[in-house]
Amino acid sequence: SANITEADEVKKQCSPAGANCNVSQCCQAAGTQCYVKGDMYASCRGQCAPGPDPTDANPDPWSCNKLGKRTPGHLSTVGWEPKAAQWVWNRCSNSSDNCLKSACCKAGGHACFKKNNTWARCKPSCVDGPDPTDVDIRPWKCEQLGGKTPGNPVPAQTASWVKGICATSKESCADVQCCK
């Protein structure tokens, strides 16, 4: 019965989904963590990427500092279909634009990833090193800036340099650090 009492205490003292957890610093929902947005606001979420969150009605950036501990258990997202907030279409970058300043993307399924100190692009995912969909062969650092915009990404086209430089499936890609 000690477990029931502990669970009851969590429900009484911790914040429900959608409520400010800045004071309680704990969450009722299983698998959630209290993450900081600004000085006065924090929210229980399954995950958090520093910067603007395209699913948040308010475009101010999240710091994503953690308050308290993650609530044990698995976060259920069944039936949860997030939508992009209205501000995304006015403030966020197109897939071909530099998203270093906006730190968010208009395209569904994309997040802004930083390549270096001067360039970032909207992509569905990012792996450190050369990107076969980038016209520039220089490697990526892949720091995610802001949250991913809800939706399904459109597959990117392979850049022309890949054919001449990258290893085939029968070759080692250790030296060139990319595979076709």
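Refer to the preceding data block for the structure.
Overview of the structure.

Analysis parameters
Residues numbered from 1 in each chain as written. Predicted model: local features only at pLDDT ≥ 70, side-chain atom pairs only at ≥ 80, totals over all residues. Heavy atoms only, no water. Buried < 20%, exposed > 50% of the residue type's maximum accessible area, 1.4 Å probe, protein only. Helix = DSSP H or I, 4+ residues; strand = E, 2+ residues; numbered from the N terminus. Pairing = 2+ DSSP bridges. Axes fitted to C-alpha atoms, helices over the stretch in contact; angles between N-to-C directions. Phe/Tyr/Trp six-rings, centres within 6.5 Å; stacked < 30°, edge-to-face > 60°. Lys NZ or Arg CZ within 6 Å of the ring centre and 35° of its normal. Disulfide = S-S within 2.5 Å.

Digging into unusual backbone geometry
Most peptide bonds take the trans form, and the phi angle of most residues other than glycine is negative.
Then, number 1: One non-glycine residue, A103, lies in positive phi territory at about 60 degrees.
Then, number 2: Residue classification places A103 among the buried positions, given a relative accessible area of 11%.
Then, number 3: Despite not being glycine, C142 has its phi angle at roughly 65 degrees, a positive value.
Then, number 4: Tracing the sequence through the fold places C142 in the loop between β5 (120-123) and β6 (143-145).

Topic: the pairing of strand β2 (residues 42-45)
Then, number 1: Burial of β2 is two-sided: the residues A42 and C44 facing one way and the residues S43 and R45 facing the other way are all buried.
Then, number 2: Two elements, strand β1 (residues 33-36) and β2, share four bridges in a ladder whose sense is antiparallel. Looking at the pairing, C34 lines up with C44 of β2.
Then, number 3: Once β1 ends, the chain turns through five residues before running back antiparallel as β2.

Looking at the sheet that holds β5
Then, number 1: Across the sheet, which stays open at both edges, the three strands sit in the order β5-β4-β6 with antiparallel pairing between neighbours. Two strands bound the open sheet, and with one partner strand each, they are β5 and β6. The average undirected angle you get between the axes of adjacent strands in this sheet is 40 degrees.
Then, number 2: In the sheet, strand β4 (residues 111-114) pairs with β6 via three bridges, with the strands oriented antiparallel. The residue bridging K114 from the neighbouring strand is E143, located in β6.

Quick notes on the packing of aromatic side chains
Then, number 1: Per the counting criterion, the structure on display carries one aromatic pair.
Then, number 2: The ring centre of W62 lies 4.1 Å from the NZ or CZ of R45, which sits over that ring.

Some points on the state of the cysteines
In protein structure, a disulfide is the covalent linkage between the sulfur atoms of two cysteines.
Then, number 1: One pass over the full model with this rule turns up eight disulfides.
Then, number 2: Through a disulfide, C27 is tied to C44; the S-S separation comes to 2.1 Å. The sign of the -95 degrees torsion about the S-S bond sets the C27-C44 disulfide as left-handed. One end of the pair, C27, is in the loop between α1 (2-13) and β1; the other, C44, is in strand β2, and 17 residues separate them in sequence. Just as C27 is buried, C44 falls in that class too.
Then, number 3: Between C48 and C64 runs a disulfide, and the two sulfur atoms are separated by 1.9 Å. Its torsion about the S-S bond being -65 degrees, the disulfide of C48 and C64 is classed as left-handed. Placement of C48 in the loop between β2 and β3 (66-67) and of C64 in the loop between β2 and β3 is noted, with a sequence separation of 16 residues between them.
Then, number 4: Residue classification places C64 among the buried positions, given a relative accessible area of 10%.

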